[in-house]
Amino acid sequence: MSRNRIVRALAAALLGACLAAPAARAQTSTASLRGYVRGPSGEDVAGASVTARNTETNQQRSVVTDVNGFYALPGLRPGPYQLTVRRVGFGDRARTVQLMVGQTLDLNFDLTTEAVAIAGITATAAPVAETRTSELATNVTREQVQNLPTPDRNFLSLAVLAPGTQLQNDRIDGTRKTFTAGAQGAEQVNVFIDGASYKNDILQGGVAGQDASRGNPFPRNAIREFRVTTQNFKAEYQKASSAIITATTRSGTNEWEGNAFLNYQHEGLTALDQFQRRDRAANPGFSRPDYQRFQLGANVGGPIILDRLHFFGSFERNDQNRGRRVSIVPPAGFPALDSINFAQYNGEFDEPFRSTLFFGKLTFEQAEGSFFDLSYTHRHENDIRDFGGLTPFESATRFKNDVNTAVLKHTWTRGDLLNEATGSFQRYRYNPTPARPGTVNRFFGFGCCAQLGSNISEQDFTQKRFSLRNDLSWSGLRWLGEHVVKGGVNLDFLDYDIIKRNAENPRFVYEPWFFGFSIPQRVEFQTGDPNFGANNTQVGLYVQDDWNPSERLTLNLGVRWDYESNMMNYDYETPQAIVDSLTRYQDRLFLPLDTDRYFTDGDDRSPFFGAIQPRLGFSFALDRDARTSIFGGWGIFYDRTLFDHAIEEAFALQHPSYRIEFTHPDSAEVPGRVRFEPRFLSDGRTVVEELTADARFNTPEMKLIPNDLRPPKAQHFNLGIRRAFGEIEVSAAYAGVRSRNQFTFYWANQNFTCPDRSFAVPDCFQSRQIPGFSSILFGDDRGKTWYDALQVKVDRPYRARGRGEFGWGAGLAVTVAERETEGFNDLFSFPNPADYPRQVRNDEPVRIVGNWIVDVPWVWGIQFSGLLSLGSGARQDVGGRFDCNNANTCFEPGGFEPERRSFIIPDAFAFRNLDLRVRKEFVNLRQRRLGVTAELFNVFNHQNLGCFNLFNRDDPNFGTAGCVISDPRRLQIGVEYNDN
């Protein structure tokens, strides 16, 4: 049977299994309760009824304890619950708790023979410490999502509340805002919202919509809460070898409620960083660039049919206008540059950004134990950017970004059975284009670097994902203890549609040491067929057993298997011209050519069936009340290779890149070069395509991907202890990650031939020509990472005591870690793995994040919250990797640490940032409240430095910073209206 027939048969069988099961909801958006019911003497109480009632919607679930007094209520939607335990002959017991997404809470009840009235029990639910999980996880509560200060309202920014996580490009003006964990890249994370995966299969960033975007993945006022799991997540989670985020959205309740907000910033509310202050001192005409931002939104939710049908909807808008200055001043001494009117391109130009987010949701209780959810999310962004400094507005990019997601879910329960599933459809489109197309690009090598003309590339990537998932839980197994067994299947059908017009607008490159800028030294461009598409089927199977051999011991035993039908181009055939050239001239290659590994006739590549992932964990309570527990775990986790990387092999031939060098019109011909003609600039693409028809210049780049390419793989292991001190939970754990199969390209026909491996040694670097081609790159999966950390977390969930009363919550996350890599730099690791031994990779040893929310009724009734981030600073490389020519300039991996300054602890931190938020309500009439907010970001205007001069230790300016890596102090004012 052919591979395609096997795939179709497997998909059909799994699809049938999904459709045959009752429609249900994904496990990734729920929580669980479990525990024991005991009598006055500690005896097991069988037959007791345990009921959990959601106090917001009045929906409830009940279960009866078994012969050992054990009960389990999996698959509860997060929210406040009143738990009631009843048994004939005993007094009733009740308790209110706040269940959070992804939690498994162990709650025991001790019954007495006395009757206890429960009618007066308050419905105010309190968060309960989760001490019995083997995961390293942090829950970010609804109060933290709503009330902690964040400059951009991106809920992913709060991922730093979890030890071991890091944010990238966390600036208001930053693009591609992502989070990482465990020494791996952002591509190895995954985000689930209401059970739907937001995995970006095709581009960087890990999350659909986050690559190259300054926007937010989801409206923050629609996020109820989320959970960040950095270690040892269970087998039900797929396609991540690093951290995952599981978020749940808000739903309507039995009470109508609404909210509206408006936040505002402009340049008068922002401070200057030290480099801007320096420019102001040196330039009497200095003025602040224009800047203003409006964030506005609203949400409403409530009952359509009381207790049965509820609605929730939200909207957010982000409008930014900033002035971006262009200042191109050519160097003196080059008459050719004097003839170009660079000044006409200078000035301040508007850089607008517009983002619209919408979310709508219906929840319906069809019958007792049967619930439906239907939701739709829309994200649209339009951004004009990538200009300023030495890049004029005519070279700007117009970036369009769209993500649309629809999810249908349903939960069904009968006795010990719970069935959950989801059906979802998502369409993600990434579409950067030249803002002003039509003119060739001229690139000048001064100031590194100036350019004129249109942006050179246009891209249009679309990812469509139709997903089915079904999870079945059974809590009725009694064998050597109590078991909650889950099994599930996910089946994702994906369509990738890619248009990559990279470098189709020719770029003419001018260098001062070639012709003094009078003519370009070369032209770089790509041409050919820009279209590439494929279909992919992803299958996942898992079984998970949460086993209690005793009341104190919990074992989490699971295994997962994942499969992809088309992670890479399995039917690709290596062109005969490549086979012939490399076979004949393989003695010119610096990397050995394994023809069995790199040549394929279309039948040498098979989908990877080996993604078997056992995941084991335990927790043991050291006392009967489980206030102190030890925990640990180990697991294997597979991710995937980005589709954009996996098609590089075919795309390099389908849409080849060229580099054609010129000689001066008045000079003699030089072999391999073209005599430059002025019409090349005016005719642009037409001329360069003519040049490639000449066999002398038709030498495209060659890329080969190994037939045995494997997806990224990581092993997680952890061991720790948790202790609940009343309402405060403290945990400390060792976390380790070992990852491998990180994909990269190496240069096969270029290398260093001297021990110094330096450009500074004459003739040390050599490039050997393979007839018919330029660069020869071999793909490989040799990249490895190491991560070892001590992670400490202290958490006291926020508790409101009532309007006008004191309430507070706080948390602290401390990470002490070391991160190392081997065998790769990024996608292109020049020239080969010999230059990337195991080494510290820009590692920050210590990071501390604190947060708090405090209601202060005696200080004008304000709410005061804050977010504090402190770091020891990233260790950075010294010197150029290939410029070592004496003891003072040799490359030193991680050899530089930025200067540390004081914040509470003397001389401890190179990164310091404190954000504060104050909220005051002025009107409180019939549950309608009007409030104002003031948020001050980077309160002390700390200058967190970067862009250090690290090339040569003999340089008197060695170690001097050239930029800041965080925003200066900014004030934001806002107004809120609440009706609830």
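The structure presented is a predicted model; accordingly, all values stated were derived computationally and were not measured.

Draft legend 1. Looking closely at helix α10 (residues 685–692). When α10 is considered as a whole, its buried residues turn out to be V687, V688, L691 and T692. Projected down its long axis, α10 carries its buried residues within an arc of 140°, all on one side. Where α10 is buried, its residues meet β28 (507–510), β29 (522–526), β34 (657–663), β35 (674–675) and α9 (679–683).

Draft legend 2. Quick peek at the confidence of the model for the protein chain. Averaged over every residue, the pLDDT of the protein chain is 89; the share at 70 or more is 94%. Throughout residues 5–27 the model reports pLDDT below 50, and contacts reaching past four residues in sequence, or to other chains, amount to 59 contacts. Throughout residues 116–124 the model reports pLDDT below 50, and contacts reaching past four residues in sequence, or to other chains, amount to 15 contacts.

Draft legend 3. Examining the state of the cysteines more closely. Using the criterion set out here, one finds 2 disulfides in the structure. Here C754 is linked by a disulfide to C764, with a sulfur-sulfur distance of 1.9 Å. Given an S-S torsion of about -90°, the disulfide between C754 and C764 has left-handed geometry. Here the residue C754 occupies a position in the loop between β39 (750–752) and β40 (765–767), and C764 occupies one in the loop between β39 and β40, the gap between them amounting to 10 residues. Relative accessible area serves as the criterion here: at 14%, C754 is assigned to the buried category.

Draft legend 4. Broad picture of unusual backbone geometry. For the bond from C448 to C449, the omega torsion is 0°, close enough to zero to count as cis. With respect to the helices and strands, C449 occurs in the loop between β24 (441–444) and β25 (450–452). With an omega of -15°, the peptide bond running from F830 to P831 counts as cis. Structurally, P831 can be placed in the loop between β42 (807–822) and β43 (839–840). Although it is not a glycine, N58 sits at a positive phi angle of roughly 70°. Take N58: it is sitting in the loop between β2 (49–54) and β3 (60–64). Accessibility expressed as a relative area gives 34% for N58, which makes it partly exposed.

Draft legend 5. Focus on the pairing of strand β27 (residues 482–501). Note that strand β26 (residues 458–478) and β27 share 19 bridges and pair antiparallel. In the strand pairing of β27, L468 is matched with L491. Counting the residues in the hairpin turn of β26 and β27 gives 3 residues, including L480, whose phi is positive at 55°. Relative to strand β30 (residues 531–548), β27 runs antiparallel, the two sharing 18 bridges. Looking at the pairing, G487 lines up with V543 of β30.

Conventions adopted
- Residues numbered from 1 in each chain as written.
- Predicted model: local features only at pLDDT ≥ 70, side-chain atom pairs only at ≥ 80, totals over all residues.
- Heavy atoms only, no water.
- Buried < 20%, exposed > 50% of the residue type's maximum accessible area, 1.4 Å probe, protein only.
- Helix = DSSP H or I, 4+ residues; strand = E, 2+ residues; numbered from the N terminus.
- Arc of directions from axis to C-beta.
- Contact = heavy atoms within 4.5 Å.
- pLDDT = per-residue confidence, 0-100.
- Disulfide = S-S within 2.5 Å.
- Pairing = 2+ DSSP bridges.

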